[in-house]
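Listed here are the chains, written in short residue letters.
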Number of protein chains: 2
Amino acid sequence: MASISGFPEFLPEGRMAEMRAIDILRSVFELHGFANIQTRAVEPLTELSRKGEITKEVYVVRRLHAEAGDVDELGLHFDLTVPFARYVLDNAGKLTFPFRRYQIQPAWRGERPQEGRYREFWQADIDIVSESTLGFHHDIEVVLVMLEACDRLHKELGIPPVVMRINNRKLIQGFYAGLGVADPLAAIQIVDKLAKIGDSGVRALLAEQGVGAAEIEKILAFASIQTSQDDIEDRVRSLGVVDELVEQGLHEVQALFTAVHHRFPDNVVIDCKIARGLDYYTGSVFELELSGLESLGTVCAGGRYDSLATDGKRTYPGVGISFGISRVFAPMIATGVLVASRAVPSVVLVAVDSDDQRAQADEVATALRARGICCEVSPNAQKYGKQIRFADRRGIPYVWFGPVLGQVKDIRTGDQEDADAHAWSPDPQDLRPVILRRDA
Amino acid sequence: MASISGFPEFLPEGRMAEMRAIDILRSVFELHGFANIQTRAVEPLTELSRKGEITKEVYVVRRLHAEAGDVDELGLHFDLTVPFARYVLDNAGKLTFPFRRYQIQPAWRGERPQEGRYREFWQADIDIVSESTLGFHHDIEVVLVMLEACDRLHKELGIPPVVMRINNRKLIQGFYAGLGVADPLAAIQIVDKLAKIGDSGVRALLAEQGVGAAEIEKILAFASIQTSQDDIEDRVRSLGVVDELVEQGLHEVQALFTAVHHRFPDNVVIDCKIARGLDYYTGSVFELELSGLESLGTVCAGGRYDSLATDGKRTYPGVGISFGISRVFAPMIATGVLVASRAVPSVVLVAVDSDDQRAQADEVATALRARGICCEVSPNAQKYGKQIRFADRRGIPYVWFGPVLGQVKDIRTGDQEDADAHAWSPDPQDLRPVILRRDA
């Protein structure tokens, strides 16, 4: 059985790298007070549809032994936002708002896989959701938290520096409305294709929508604005479009930029073509790409939605951002760029002198484990040279010989010394597998 | 939208308890040198079938937008053993044997849910698999590792003490063969129903199989043997059934019992009715239940299989054991018996004096986080009393007032003191949420 396209799996030394990434994300999110939740893998198909229509490539889940007349009711979730919105409504009476949660789970899409796309992919989402109103400073907060996480992933796992591109849907919609565009949402979806179809393609599609030639040029001029300086207001106003929403959007995107730029001056750009296409954002929008790996596309994205969820009576506004763990790490792990220094947690292999001495070796291992030192006992009592090679093949750096008051050898240097299993510790750098970045 | 039967979800304070359980399992497994892997959620339906037949309640996965003629090919895995066997074959050339892995993932079964049964449930599996041969001491090892994990779950999360019931398929099969039972496997499956259908039910079904009355009584006498002393050989031999496999099985089950009893004298019993029914074990078998919660049934089970996987040329024997995380913890969490001391990771709420002082509060939070102290900044600048109540509702024990050189209040005692956010630390017991056991 070969692998199934679009469902990545890793060897243990690759999985360790992925786990380290997840541990880093979890650690940063918890430092900022986000609580973890997990939602079930399946949602009712009604939840996975939008206005009755399922636009995504959903995987339907059905009992093999279902009765002939049974109706398909469940599907695998295709993101973590839809389940979270449902979870908030389910538990609204028991949660305290603003509710800050992170969620690290796989999601599934039945797309025809292509490079960098997966059918099963892990995401790490943070969202802050409240009842009725949610302060704008939370928009700033989720961006800063994610950039802090990316900074740690950069320093500890060697992912490239990131660029967070920010924009604001009020600014875009206000700009289009101020230009007199009849269907701003349709225009947004057209401009969202700019990178794919180019200026000429966008011109043609906007013209089809009945947008005038002068307005089209203004839209393209607006979409081309990118800045990492404090000049967004001047640059937009120079296009001469006046609208109250434009002012609100400018104010917000400038405030977001200022706050993020203060902490991460090299990692944030205002980019007026960012709109998050079909998604239902209503304010800030964010997209993150990896410097030098722009070909991977957007690896992290999010924004503000004034009504993440509603039960008819109450509305829950939210802001969130989602990091594509598989998108970023699966290629690095699959190609061996990111790999653990050893394929096992063990830092010590306890050698076995002879089969009837296994209890002695177990005693050594128990003493080491009691102090948090991961180890395993040799599976057999072959000659020491073979046991050392067993450790070497796994990248286990130390081999223990004899009883608790025995000897330990660093098989990398050959140094061997007397040691007490109740007291000896490995070099702290060896305690856990190190995640290495091996550039091609 | 209400919850879907059989798919448990928890509030954040419950999820924290579940995460702590998973962290404990992970920690114990890694101390013993088990490496983590994850397998995809889906397997080809051919992998999920046994001898061409799918006996389990598999969930089939199908693209919603599949073409009319497309054939169902994928199903959600119903355990972690089948995917592991497939993974070993997929990666045999890249793994080093004996290969020790742990796997903590959900599995799915489309059963009609009943109490204590789930359609989506988390399991924690450890297995050791090798090429051609695998030492018997690994049978002992996986049992000891799981009992060590259960001991930590008992001490740290208050699950009841456990009883590991052990037996050996060679012993059972040899006993039945020695009795002249024509189809030992069918007899095993009948005796496996003993708890459900009682002696009389077993008698009737065995008679239907053509087993004689005297042999049936011997089978029932054998199945009734339970001992936690060194007398299994005597008790089995007193039944007068002679078979080479009986001797092998007795030797193995006695060796397993001796080794496990040495470390965990109160937690192991030889129980000759344990057979692990339909599963394809070939030697040691184990079942674990919680003392006083026997009604939950078997919460952890496993055994030795001489051919976990085979590619035609090579055979991979293995031994493993699987812990039912959902089976044990979902009821405790759902009923509130197990809950975190607070619903958020934050140990400190940093109060905000006024909206234009938010940057000052952010600076305090950054200083605390730099030293690993989880905290969040108040979402608003309400009166201090309201901000304290905000912390109290979440169980956050400390509130910080003012700048980095400010004051911190323990809101449980009301004590307030001057503090430097670059130096102050909470009581170490407060640093992480504590998992509490609240007996009903």
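Scroll up for the structure.
So, how was this worked out
Residue positions are given per chain, counted from 1 along the sequence in the order it is written. Chain labels run from A onward and ligand labels from 1 onward, assigned in the order the entries are written. For a predicted model such as this one, the threshold for reporting local features is a pLDDT of at least 70, and the threshold for listing and counting side-chain atom pairs is 80 or more; totals across whole chains, interfaces and linings nevertheless cover every residue. Hydrogens are left out, water is left out, and the side-chain values use all remaining heavy atoms of the structure. What counts as a salt bridge is simple: a side-chain nitrogen of Lys or Arg found within 4 Å of a carboxyl oxygen of Asp or Glu. Put simply, DSSP H or I for four residues or longer makes a helix, DSSP E for two residues or longer makes a strand, and each gets a number counted from the N terminus. Each residue is assigned to one of three classes by its accessible area relative to the maximum for its type, calculated with a 1.4 Å probe on protein chains only: buried under 20%, partly exposed between the two thresholds, exposed over 50%. As a rule, the C-alpha atoms of each element are fitted with a line to give its axis, helices using only the stretch in contact, and angles between N-to-C directions run from 0 to 180 degrees. An angle counts as roughly parallel when it lies under 35 degrees, as roughly antiparallel when it exceeds 145, as roughly perpendicular when it falls between 65 and 115, and as oblique in every other case. For any pair of crossing helices, the crossing counts as left-handed if the nearer helix is rotated counterclockwise from the farther one by less than a right angle, and right-handed if it is rotated clockwise. Here a residue-residue contact requires only that any non-hydrogen atoms of the pair lie within 4.5 Å. In this classification, the charged set is Asp, Glu, Lys and Arg, the nonpolar set is Ala, Val, Leu, Ile, Met, Phe, Trp, Tyr, Cys and Pro, and all remaining amino acids, among them Gly, are polar. To line up the copies, we fit them by least squares on C-alpha atoms, keeping just the residues with pLDDT of at least 70 in both.

## What about the pattern of salt bridges?
Residue and element names in this part refer to chain B.
Part 1: Taken as a whole and assessed by the stated rule, the structure comprises 54 salt bridges over all chains.
Part 2: Across the salt bridge formed by Glu289 and Arg165, the nearest N and O atoms sit 3.1 Å from each other. Placement of Glu289 in strand β10 (residues 284-290) and of Arg165 in strand β7 (residues 162-168) is noted, with a sequence separation of 124 residues between them.
Part 3: We classify Glu289 as buried; its relative accessible area is 16%.
Part 4: Judged by its relative accessible area of 15%, Arg165 falls in the buried class.

## Digging into the packing of helix α4 (residues 137-157) of chain B against helix α10 (residues 244-263) of chain B
All names here are of chain B.
Part 1: Packing of α4 against α10 leaves a shortest axis separation of 10 Å and a crossing angle of 30 degrees. Taken as axis vectors, α4 and α10 run roughly parallel relative to one another. The way α4 lies across α10 gives a crossing that is right-handed. Mapping the contact onto sequence places Asp139, Ile140, Val143, Leu144, Leu147 and Glu148 in α4 and Ala255, Leu256, Ala259, Val260 and Arg263 in α10.
Part 2: Partitioning the contact of α4 with α10 into residue classes produces eight nonpolar, no polar and three charged.

## Some remarks on the relation of the copies chain A and chain B
Part 1: Structural alignment of chain A on chain B gives an RMSD of 0.1 Å, achieved by rotating through 180 degrees and translating 0.0 Å along the axis. Taken together, these values place the two copies in the relation of a two-fold axis. Residue Val61 of chain A, judged by its C-alpha, is the member of chain A lying nearest the rotation axis, at 2.4 Å.
Part 2: Here 99% of the interface residues in chain A have copies in chain B that are interface residues too; the copies meet face to matching face.

## Quick word on the environment of Ile435 of chain B
Residue and element names in this part refer to chain B.
Part 1: Within the fold, Ile435 resides in strand β19 (residues 435-437).
Part 2: When its relative accessible area of 10% is taken as the criterion, Ile435 is described as buried.
Part 3: Along the primary structure Ile435 and Arg20 are separated by 415 residues, whereas in three dimensions their C-alpha atoms are 7.9 Å apart.
Part 4: In this view, Ile435 contacts Met16, Ala17, Arg20, Leu157, Leu338, Val339 and Ala340; residues no more than four positions away in its chain are not counted.

## Let's talk about the environment of Ile172 of chain B
Residues and elements named next belong to chain B.
Part 1: Checked against the element boundaries, Ile172 lands in helix α5 (residues 169-179).
Part 2: Given a relative accessible area of 2%, Ile172 falls into the buried group.
Part 3: For the pair Ile172 and Gly283, spaced 111 residues apart in the sequence, the C-alpha separation amounts to 9.4 Å.

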